[in-house]
Amino acid sequence: MPPNSWTSWPLRESLSREGVSGARLWLGRSVRIAVVAGLVWTTLVGPAFTGWRLVALCTGVAVTVLAFRGFFRATLAHHLWPSIGLFAVLVAAALGFAYVGARTPATVLWCACAVIAMERLPLSVAVPCSATALSGYAALNHDNWWATAATAVGLGLAGCVVRLDAEARGNTQRMLAQERAARKAESESAALTERGRIAREIHDVLAHSLSAQLVHLEAARLLIQRSTDLEADRAQLLERVTACRGMAREGLDGTREALSALRGEMIPVEDFLRRLTATEGARLDVAGAARAVPAEAGLAVRRVAQEALTNVRKHAPGARVSVRLEYAADGIGLEVRDSGGRGTPGELAESGSGYGLLGMRERAELLGGTLESGPDEEGFVVRLRVPA
């Protein structure tokens with residue numbers, strides 16, 4: 001037995017009525033009331049209790065009930081000295097009952113004190129308190145020492161059993177409380193994670209959409225700035241403005257798509273890439289057997305493809321672009337490769353935030369994947385691989 005088990009209090013969950021069913025509570029109260037009423041009745045009907053003896057007996061009963069109530073509250077609050085003081089009051093009340101000739105109430109009170117001391121006090125205090133109560137019982141019932149000794153030992157063992165039962169109930173209640181707290185923390189963590197996912201998806205969608213709009217707006221600004229005949233360049237300006245409008249609509253659609261994806265309502269990655277590459281004039285190759293992929297992995301592939309194609313428009317206008325989607329045994333891979341642009345990158349390269357690929361790399365790392373980007377033999381290549 002650990003050394004501190006002799007000085008430590010029983011768990012508060014053991015001393016309280018938490019976890020005890022209503023039927024058991026009412027049954028215990030009914031038994032206690034019946035025992036007290038029976039003891040008082042059997043004592044009062046005797047001819048010996050009249051006058052001051054009757055007054056003393058009633059006063060002792062009231063003091064005993066109040067002392068029991070105070071003892072239960074003090075032990076529940078783990079107040080040692082008040083508990084010992086109230087226990088001493090109970091033992092003294094039993095002595096008073098014995099003195100006025102109420103042997104049965106004195107015997108029952110000493111036995112009850114022996115059991116509740118073992119149940120509710122630290123063992124270093126409970127053992128001597130219980131021994132004191134049992135000594136009073138033995139001194140009052142000394143006619144048959146063998147029966148008295150057996151009864152005292154049985155009461156001591158009963159107190160130990162009651163203590164073990166209360167500790168088991170207290171440990172169960174504490175474990176249940178810890179489990180509820182863990183579930184609550186897990187639920188709150190899941191909610192925060194979900195909010196982070198939604199915020200990240202909305203951010204990525206809007207960042208991509210606004211970046212694409214800035215590309216066209218910057219091109220329109222340069223065209224207006226350098227043009228000598230706006231009427232002649234009207235068609236190009238209208239094309240840029242129309243493209244910006246389309247990008248804004250695409251951003252709204254992308255936001256709805258991200259929210260749908262988080263709800264599990266999302267078109268397959270391959271179908272999305274076919275639409276995207278058809279719009280951007282890129283070539284799509286698919287390797288491996290197509291299969292459903294988790295929402296997070298599918299969104300990562302979508303965002304990286306969109307960001308890579310936007311970067312091609314910004315930094316390598318007019319380049320040939322090939323997109324390769326690969327279904328592997330341990331995940332899914334995406335490669336976006338361009339052949340190098342025929343336009344002037346400097347005109348549009350400064351539009352946008354410049355953090356697109358960095359954000360995509362962070363997204364891949366959160367999923368346990370990798371994202372590599374850099375110059376290739378002809379142009380630029382972006383490679384993504386995430387578990388799926």
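Reference entry: report on the structure contained in this document.

Conventions adopted
Position numbers for residues start from 1 in each chain and track the written sequence from start to end. Reporting of local features is limited, given that this is a predicted model, to residues whose pLDDT is at least 70; pairs of side-chain atoms are given and counted only at 80 or more, and all residues count toward the totals for whole chains, interfaces and linings. Heavy atoms throughout the structure, all of them, feed into the side-chain values; hydrogens and water do not. Numbered from the N terminus, helices here are DSSP runs of H or I no shorter than four residues, and strands are runs of E no shorter than two. Whether two strands pair depends on DSSP finding at least two bridges between them. To get an axis, a line is fitted to the C-alpha atoms, and for a helix only the part in contact is used. The angle between two axes follows their N-to-C directions and goes from 0 to 180 degrees. Whether two residues are in contact is decided by their heavy atoms, any of which lying within 4.5 Å being enough. When the centres of two rings from Phe, Tyr and Trp lie within 6.5 Å, Trp using its six-membered ring, the rings pair. Their planes under 30 degrees apart give stacked, over 60 give edge-to-face, and anything left gives tilted. Whether a charge sits over a ring depends on NZ of Lys or CZ of Arg being within 6 Å of the ring centre and within 35 degrees of the ring normal. In the sections that follow, a salt bridge refers to a side-chain nitrogen of Lys or Arg positioned within 4 Å of a carboxyl oxygen of Asp or Glu. When accessible area is computed with a 1.4 Å probe and restricted to protein chains, residues below 20% of their type maximum are described as buried, those above 50% as exposed, and intermediate ones as partly exposed. Think of a nonpolar core as a cluster: buried Ala, Val, Leu, Ile, Met, Phe, Trp, Tyr and Cys residues, connected wherever their side-chain atoms sit within 4.5 Å. Here a helix's expected span is defined as the number of its residues, less one, multiplied by 1.5 Å. Directions pointing from the helix axis toward each C-beta atom define the arc. An angle below 35 degrees is read as roughly parallel, one above 145 as roughly antiparallel, one from 65 to 115 as roughly perpendicular, and any other as oblique.

Before going further, it helps to examine unusual backbone geometry. Phi is positive for histidine 78, close to 60°, though the residue is something other than glycine. Tracing the backbone through its elements, the reader meets histidine 78 in the loop between α3 (52–76) and α4 (80–99).

With mixed pairing, five strands are arranged side by side in an open sheet as β1-β2-β3-β5-β4. Across the chains shown, the open sheet's two edge strands, defined by having one partner strand only, are β1 (283–287) and β4 (370–375). This sheet shows a mean twist of 10° between the axes of neighbouring strands, independent of strand direction. Strand direction decides the pairing type here: β4 and strand β5 (residues 380–386), joined by six bridges, are antiparallel. Its bridge partner being in β5, threonine 370 is matched across the sheet by arginine 385. Each of β1, β2 (321–327) and β3 (332–338) is contacted by helix α9 (residues 269–280), which is oriented at about 160° to β1, the strand it contacts most. Sheet strands in contact with helix α10 (residues 295–315) are β2, β3, β4 and β5, and its direction is about 5° off that of β3.

So, about the packing of aromatic side chains. Ring pairs (aromatic) are described by centroid distance and by the angle formed between their planes. The full count for this structure, using the stated rule, is three aromatic pairs. Consider the rings of phenylalanine 71 and phenylalanine 72, whose centres lie 6.4 Å apart with planes at 55°: the pair is tilted. Grouped by ring-pair contacts, the aromatic residues Phe68, Phe71, Phe72 and Phe87 constitute a single cluster. Here the basic side chain of arginine 302 rests over the ring of phenylalanine 272, its NZ or CZ set 5.1 Å away from the ring centre.

On to the pattern of salt bridges, then. Applying the stated criterion across every chain, the model contains eight salt bridges. Between aspartate 165 and arginine 169 there is a salt bridge, with its nearest N and O atoms 3.9 Å apart. Highlighted residues: aspartate 165 and arginine 169, both in helix α7 (residues 145–226), separated by four residues, approximately one helical turn. Where glutamate 335 meets arginine 383, a salt bridge forms, and the shortest distance between an N and an O atom there is 3.0 Å. Within this pair, whereas glutamate 335 is found in strand β3, its partner arginine 383 is found in strand β5, the two being separated by 48 residues in sequence. Glutamate 335 sits in the buried class, given a relative accessible area of 19%. On the accessibility criterion, arginine 383 (34% relative accessible area) is partly exposed. Here the residues in one salt-bridge network are Glu335, Arg337 and Arg383, joined through shared partners.

Take the nonpolar core next. In terms of nonpolar packing, the biggest core is built from 34 residues, with Phe87, Leu90, Leu109, Trp110 and Leu121 touching the most fellow members. For this core, the elements supplying multiple residues, two or more each, are α3, α4, α5 (103–120), α6 (123–140) and α7. Broken down by element, this core gets its largest block of residues, ten residues, from α5. Counting residues in each nonpolar core, the second largest holds 30 residues, with Leu273, Val301, Ala316 and Leu371 among its members.

A word on α9. In this model α9 runs 16 Å from its N-terminal to its C-terminal C-alpha over twelve residues, within 8% of the 16 Å that 1.5 Å per residue would give. Among the residues making up α9, those that are buried are Val269, Glu270, Phe272, Leu273, Leu276 and Thr277. Angularly, the buried residues of α9 cover 155° about the axis, an arc narrow enough to put them on a single face. Every exposed residue of α9 that faces more than 90 degrees away from the buried side is listed here: Arg275, Ala278 and Thr279.

Direction vectors running N to C along α9 and α10 enclose 10°, while the axes themselves pass 10 Å from each other. One way to sum up the angle between α9 and α10 is to call them roughly parallel. Here Val269, Phe272, Leu273, Leu276 and Glu280 of α9 lie close against α10, whose contacting residues are Gly298, Val301, Arg302, Ala305, Gln306, Leu309 and Arg313.

For α6, with 18 residues, the first-to-last C-alpha span of 25 Å sits near the 26 Å given by 1.5 Å per residue. Taken together, the buried positions of α6 are Leu123, Val125, Ala126, Cys129, Ser130, Ala133, Leu134, Gly136, Tyr137, Ala138 and Leu140.

Further remarks concern the pairing of β5. Relative to β5, β3 is paired through six bridges, and the arrangement is antiparallel. Across the sheet, leucine 334 pairs through a bridge with leucine 384, a residue of β5. Hairpin connection of β4 to β5: four residues between the antiparallel strands.

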